[in-house]
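Summary of the model geometry
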Amino acid sequence: MMQQIYPVTEHPYAYELNKDFQFAAAHYVPHRDAGKCQNMHGHTYFTNITIAGDELDHTGFLVDFKHIKDLIHKRFDHRIMNEDTIFSDQDAEYFPTTEVVARTIYEIIQAHLDLLPNKPICVQVYLRETPTSYCIYRPKENKS
Ligand SMILES: Nc1nc2c(c(=O)[nH]1)N=C([C@H](O)[C@H](O)COP(=O)(O)OP(=O)(O)OP(=O)(O)O)CN2
Ligand SMILES: [Zn+2]
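Residues numbered from 1 in each chain as written. Chains lettered and ligands numbered in written order. Predicted model: local features only at pLDDT ≥ 70, side-chain atom pairs only at ≥ 80, totals over all residues.

A few points about the overall build of the protein
Looking only at helices and strands, one finds two helices and five strands in the protein. N-terminal to C-terminal, the α/β element order of the protein is β-β-α-β-α-β-β. Taking the principal axes of its C-alpha atoms as reference, the protein extends roughly 50 × 30 × 30 Å. (Helix = DSSP H or I, 4+ residues; strand = E, 2+ residues; numbered from the N terminus.)

Here it is, written out as structure tokens:
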């Protein structure tokens, strides 16, 4: 996997963990104004997840890298994203665009982190859809 430099996000936490992984998925953008993206097509999505926190768990982890990948990869790899109930063909806030997929990855990961006693926070999701197109999602509540 290519090693990349990512845009950094400011945060007040002592530890910052980053996990890179890829998944292959198909999608379409269900609106007549979406041009060629209305047609079903596929991408090898590349993502970098940034998690921060002040407390480690009983294993010395902020969070297990493997759990972060599994949450997303097991759900979306080799799937048609429009068929996942987390997305919708009716509401643009839930069309599987790069922006919405990045936000959705954040929501899935943060829901898992909220269950952990050491309370890590996902501060950034970088999602590359093509060699020339990517989106960064940063939850607003983490901005000071
Ligand atoms: N804001 C968004 N714009 C577009 C999205 C999107 O999710 N958010 N998606 C698409 C298409 O689905 C496509 O996956 C990416 O389009 P594009 O970057 O135009 O891809 P190309 O390879 O054709 O781009 P080049 O400029 O030739 O590299 C479109 N827009
Ligand atoms: Zn696409």
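Focus on the site of ligand 1
The environment of ligand 1 is made up of Val29, Cys37, Thr97, Thr98, Glu99, Glu129, Thr130, Thr132 and Ser133. Its residues placed into classes, the shell around ligand 1 shows two nonpolar, five polar and two charged. (Near = placed C-beta within 6 Å. Nonpolar A, V, L, I, M, F, W, Y, C, P; charged D, E, K, R; others polar.)

Details of the nonpolar core
Of all hydrophobic cores here, the largest spans 25 residues; its most connected members are Ile49, Ile51, Val101, Ile105, Cys122, Val125 and Leu127. Secondary-structure elements contributing two or more residues to this core are β1 (15–27), β2 (41–53), α1 (65–76), α2 (98–113) and β4 (121–130). Not counting chain neighbours up to four residues away, the residues in contact with Val125 comprise Thr47, Ile49, Ala102, Ile105, Tyr106 and Tyr137. (Core = buried A, V, L, I, M, F, W, Y, C linked by C-beta atoms within 7 Å. Buried ≥ 20, exposed ≤ 12 C-beta atoms within 10 Å, placed from the backbone. Contact = placed C-beta atoms within 7 Å.)

What about the pairing of β4?
Burial analysis of β4 places eight of its 10 residues in the buried class, which makes it a mostly covered element. Relative to β4, β2 runs antiparallel, the two sharing seven bridges. Residue pairing for β4: Thr47 is matched across the bridge by Leu127. Looking at chain direction, β4 and strand β5 (residues 133–137) are connected through five bridges and run antiparallel. Looking at β5, one finds that Tyr126 is bridged to Ile136. In textbook terms, the turn of a hairpin is the stretch between consecutive antiparallel strands, and for β4 and β5 this stretch comprises two residues. (Pairing = 2+ DSSP bridges.)

Structural notes on the environment of Ile105
On the secondary structure map, Ile105 appears in helix α2. Along the sequence, Ile105 and Val125 sit 20 residues apart, while their C-alpha atoms lie 7.3 Å from each other. Contact partners of Ile105, with chain neighbours within four places excluded, come to Thr47, Ile72, Val125 and Leu127.

Examining the confidence of the model for the protein
Within the protein, residue pLDDT values average 95, and 96% of them lie at 70 or more. Scoring the predicted complex yields pTM 0.95 and, for the interface, ipTM 0.94. (pLDDT = per-residue confidence, 0-100.)

Structural notes on α1
In an α-helix, one full turn covers 3.6 residues, which means residues spaced three or four apart are oriented alike. Taking 1.5 Å of rise per residue, the 12 residues of α1 would be expected to cover 16 Å, and the 17 Å separating its terminal C-alpha atoms lies within 8% of that figure. All of the buried residues along α1 are Ile68, Ile72 and Phe76. Along the axis of α1, the buried residues cluster in a sector spanning 20 degrees; they form a single face. In α1, the exposed residues that point more than 90 degrees away from the buried face are Lys66 and Lys74. Those residues of α1 that are buried lie in contact with β1, β2, β3 (79–80) and α2. (Expected span 1.5 Å × (residues − 1). Arc of directions from axis to C-beta.)

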